[in-house]
Amino acid sequence: MNRELWDNGAPRRLVAADGTPRLPNVAYDDDGYPFADDQPLAQNSPQADQLFYAFPALKSWLRRRFPDAFAASDMLVYPRQGDLKASVAPDVFVAFGAGDHPRNSYKLWEGEPVPAFVLEVLSGTTADNDLGEKRDKYAAMGITEFWVFDPFGDHIAGHISGSSLREGVYEPVAPLPGTAIYPSDVLGLEFRTEGGDLRIHDPIAHEDLMSLDEERAGRLAAEAELARLRRMTQL
């Protein structure tokens, strides 16, 4: 059998799980499934800004509210064993009951729950795929909600759009009456735009999910206030 070796001397296959040749600059697991696709996560700064807000904010919120949920960004999801062409890498996805432990990829046939929520942040080169083939794959997998944020507003009026799966077809999520705020039933959160940026609101806590920078600023402010109070008690 024609095999090559890992650096540690262990054998690995020269083909991927579906029999196609391995591609350069792509990482494969021991079963022959890629877990990196050599594609950039974001292709422009507005797209990156929204992703760097949404993913950490959702992940931090899930750890507090649903610790058994799993959130990932740009991770390959495989719906069927041996079918690499069916795979898709959402910008952000959330799966409840999956357990928040490390993974190289997300394989549904291994008992992973189907993700309930997907968010795609559009760029000029990804929009057609995100709104076409990717959307169709999400529907076929049974992903309950499909959300899109368009930083430039070229494809989505108002920048934000949510869809909920009904009998295999995505139907638009309506905004809250008299607002441009869109509720996610599966997350229990609300999505809106503010100054062209994506904002996610927790209606139970009555606060927005914070970015990493906002969380850090809040911690620094709290530490500074604590230090001030300590100084006051020492006077």
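Please refer to the structure higher up on the page.
Residues numbered from 1 in each chain as written. Predicted model: local features only at pLDDT ≥ 70, side-chain atom pairs only at ≥ 80, totals over all residues. Heavy atoms only, no water.

(A) Quick peek at the nonpolar core. Formed by 25 residues in total, the largest nonpolar core has its most connected members in Leu119, Phe191, Leu198 and Ile200. Ranked by residue count, the leading element in this core is helix H1 (residues 45–65), at seven residues. With sequence-adjacent residues up to four places away left out, leucine 119 is seen in contact with Ala54, Asp91, Val92, Trp147, Val148, Phe149 and Leu198. Met75, Val77, Val118 and Tyr170 belong to the second largest nonpolar core, which has 22 residues in total. (Core = buried A, V, L, I, M, F, W, Y, C linked by side-chain atoms within 4.5 Å. Buried < 20%, exposed > 50% of the residue type's maximum accessible area, 1.4 Å probe, protein only. Helix = DSSP H or I, 4+ residues; strand = E, 2+ residues; numbered from the N terminus. Contact = heavy atoms within 4.5 Å.)

(B) Quick look at the pattern of salt bridges. Tallied over the entire structure, the rule returns 11 salt bridges. In this structure, aspartate 130 engages lysine 134 in a salt bridge whose closest nitrogen and oxygen atoms are separated by 3.7 Å. Here lysine 134 falls in the buried class, since its relative accessible area comes to 11%. Ionic pairing is found between aspartate 208 and arginine 199, a salt bridge with its closest N-O pair at 3.6 Å. (Salt bridge = Lys/Arg side-chain N within 4 Å of Asp/Glu carboxyl O.)

(C) Inspection of the pairing of strand S5 (residues 92–95) at higher detail. Residues Val92 and Val94 line one face of S5 and the alternating positions Phe93 and Ala95 line the opposite face, and both faces are buried. Here three bridges tie strand S3 (residues 70–72) to S5, and the two strands are oriented antiparallel to one another. Residue pairing across strands places phenylalanine 70 opposite alanine 95, the latter belonging to S5. When S5 meets strand S7 (residues 117–121), the two strands line up antiparallel, connected through three bridges. Residue valine 92 lies in a different strand from S7, and its bridge partner there is leucine 119. (Pairing = 2+ DSSP bridges.)

(D) The arrangement of the sheet that holds S3 in detail. Within the open sheet, the six strands sit side by side as S3-S5-S7-S8-S9-S10. Their pairing is mixed. On the outer flanks of this sheet lie S3 and strand S10 (169–172), each paired with one strand and no other. Here the strands of the sheet are splayed against their neighbours by 20 degrees on average, with no regard to which way each runs. (Axes fitted to C-alpha atoms, helices over the stretch in contact; angles between N-to-C directions.)

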